[in-house]
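Observations on chain architecture
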Amino acid sequence: MKHAKLWSWIIFGLGAAYFLVPLLATVQFSLSIRRDTLSLDAYTNVLQAPAFQNTFGYSLIVGIATIIVGLLIVVPAAYFVRLRAPQLRPIIEFVTLLPLIIPPIILVFGYIRMYNSSSPLPLTNSVVGTNILLTLAYVALALPYMYRAVDTGLRTIDVQTLTEAANILGANTLTILMRVIFPNIIVAVLSGAFLTLAIVIGEFTIASLLNRPAFGVYMQNVGANRAYEPAALAVISFVITWGAMGMIQLLARFAPRTAARTD
Amino acid sequence: MSSNTDTLVSNSAAPASAGAAPSRPHFLSGVRWGDYLGVAPFLVFAALFLIVPTLYLVVGAFVAKDGSFTLQNIVDLGTPQIVSSFWISIRISAASAVLGSVFGLLIALAIIRGKLPPAIRSTVMTFSGVASNFAGIPLAFAFLSTLGRLGLVTVILKTVFGFDMYRAGFNILSFWGLTLTYCYFQIPLMILIIAPAIDGLKKEWNEAAATLGASPWQFWRYIGMPILWPNLLGTISLLFANAFGAIATAYALTGSSLNIVPIVLYAQIRGDVLNNPGLGAALALGMIVITAVTNVIYLVIRTRAERWLK
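Rules behind the numbers
- Residues numbered from 1 in each chain as written.
- Chains lettered and ligands numbered in written order.
- Predicted model: local features only at pLDDT ≥ 70, side-chain atom pairs only at ≥ 80, totals over all residues.
- Helix = DSSP H or I, 4+ residues; strand = E, 2+ residues; numbered from the N terminus.
- Buried ≥ 20, exposed ≤ 12 C-beta atoms within 10 Å, placed from the backbone.
- Contact = placed C-beta atoms within 7 Å.
- Core = buried A, V, L, I, M, F, W, Y, C linked by C-beta atoms within 7 Å.
- Domains from an automatic or database assignment.
- Nonpolar A, V, L, I, M, F, W, Y, C, P; charged D, E, K, R; others polar.
- Axes fitted to C-alpha atoms, helices over the stretch in contact; angles between N-to-C directions.
- Parallel < 35°, antiparallel > 145°, perpendicular 65-115°, else oblique.
- Left-handed = near helix turned anticlockwise from the far one by under 90°.
- Expected span 1.5 Å × (residues − 1).

1. So, the overall build of chain A
Looking only at helices and strands, chain A has 12 helices and zero strands in total. Put simply, chain A runs from its N terminus to its C terminus through helices and strands in the order α-α-α-α-α-α-α-α-α-α-α-α. Considered along the principal axes of its C-alpha atoms, chain A spans approximately 75 × 70 × 30 Å. Counting all 263 residues of chain A, 49% fall into the buried class. Long-range contacts, defined here as pairs at least 24 residues apart, represent 75% of the contacts in chain A between residues at least 6 apart.

2. What about the nonpolar core?
Ala137 and Val150 of chain A together with Leu265 and Ala284 of chain B are the most contacted members of the largest nonpolar core, which totals 173 residues. Here this core takes 16 residues from helix H6 (residues 127-156) of chain A, the largest share from any one element. Domain assignment of the residues forming this core places at least three in each of domain 1 (1-31) and domain 2 (42-252) of chain A.

3. Side note on the interface of chain B and chain A
Often, the extent of an interface is quoted as the loss of accessible area on bringing the components together. If you look at the interface, chain B gives 66 residues, while chain A gives 67 residues. Of the residues assigned to the side of chain B that touches chain A, the class counts are 47 nonpolar, 17 polar and two charged.

4. Here's the deal with the domain arrangement of chain A
Residues and elements named next belong to chain A. Along its sequence, chain A is organised into domain 1 (1-31) and domain 2 (42-252). Domain 1 and domain 2 are separated by 33 Å when their C-alpha centres are compared. Contact with domain 1, which involves five residues of that partner, is made by eight residues of domain 2. Looking at the side of domain 1 that touches domain 2, its residues break down into three nonpolar, two polar and no charged.

5. So, the packing of helix H3 (residues 50-83) of chain A against helix H9 (residues 186-200) of chain A
Residue and element names in this part refer to chain A. Put simply, H3 and H9 touch, their axes get as near as 9 Å, and they point 140 degrees apart. The pairing of H3 with H9 is recorded here as oblique in orientation. Every pair of crossing elements has a handedness; the one defined by H3 and H9 is right-handed. The residues of H9 that touch H3, namely those facing Ser59, Val62, Gly63, Thr66, Ile67, Gly70 and Leu71, are Val189, Ala193, Thr196, Leu197 and Val200. Across the contact of H3 with H9, the residue classes tally to seven nonpolar, five polar and no charged.

6. Section: the environment of Ile120 of chain B
The topology assignment puts Ile120 of chain B in helix H5 (residues 118-131). For the pair Ile120 of chain B and Leu283 of chain B, spaced 163 residues apart in sequence, the C-alpha separation works out to 44 Å. The contacts of Ile120 of chain B, once residues within four sequence positions are left out, are Phe12 of chain A together with Ile111 of chain B.

7. A few points about H9 of chain A
Taking 1.5 Å of rise per residue, the 15 residues of H9 of chain A would be expected to cover 21 Å, and the 20 Å separating its terminal C-alpha atoms lies within 8% of that figure. Of all 15 residues in H9 of chain A, 13 are buried, a share of seventy percent or more.

Structure, rendered in structure tokens:
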């Protein structure tokens, strides 16, 4: 078995090289905007550009709106499926798989055909309408991750006992959802939210085809016109993705658990 | 208040009926309309923003410019430009799926079965979570900085080793360039999916095989691989679909110099470059069929594979 150890080190080394060299190269490239010396100019150029601040802010707002709308749709559905309508589970789970099956470009193509100016619901007619459409498109993209996160959260708590206890105390369904269930799954919800943010913040295809000034579209634009700034943007995005994933790992440690009922 | 008592009654009744289950209850029996109110927003959303838009395109593929039924759009998919775009898309998706699966499997085996320090395993898993989400535009930038004409690796190979990759025929804006780039999110995805399956290979099987005199090679040939095989095949088809629908990385990397299907479709949506909206819908239909078929293969194989790995 000593040989096994050697080959596994070799494989690991090759893998580490493949994954780390591009990151090193990107950092190195982003620092070499000036000849013969390392400088942070590419970063200051990017961070100070009004277009960066505007598009990043825009994508952040759309991301937060996506999370809120997504939760309003997903939490009640997951709760009712778990508690009272398990018959619907196969349907709901099939629906949550759809965004993984239908590529985003197909989705947005369908939206453009279906919600154009001559349709009964002409969302693409106005800026507000298109922003709403973009948000809903992102909700669709995030649906699998959001649903899975919320459902996992519900599995770790005893939904039925909590609901019965709240019922006995006179709470109605809305109160139960808002003040009993939601606070108990907040950690799972937050990890779903961070994953959603990581996916949405740099999204290009849908934002570009809906002509919205999103961060992904800005990045593509910079990539087509500049040399060193794109590398700086790649480093910034990687840090954002890493931060979002790190938050999820961190949150997992604080997940509350009530033992599920066994009777 | 009546809804409260309803809940209590149904809750106390539920275990009894579940335990005895004399006759299979009707699909929707026991679901009250109040419960639908909770699920309704989800279903309405799914209908309006997932299902109907996709069906709209599917139907659109069979509609001629004057609004009548036609198969001409499907026939027109046979034009050389579109056939070649499907062909290059399929090749890139297949190559990145196979390479991603093989290397992902090897790395997963190394960190789980290769007796590496446990810290390495958790680091690799965390990194895989990040890297599998590090797709799109920034990934293209990273690979341009690495293997582009002025990229770090290109320059080091040229100045230190005197090897000019670009003169040797390599180009980041090519089949292999894009495949190599896609592996950056394909390999981590493979690691994340296959790791639980490898964990499911029980230590006892290893010991039983060794007791019977099997070499490590024989263990993998006759026990390990046959058990992992369905998982492996299923994941390859998932990775294929994953690459097939991706556009942002390719678009930022190659502009429109590599005409993969999503890029042709993107150009079509932007400016009707095919001069036929119906043909655009047919192109979308082709993509839907391919990603749907590969995903269904994944799901079917996966449910079969799970029987062994309980």
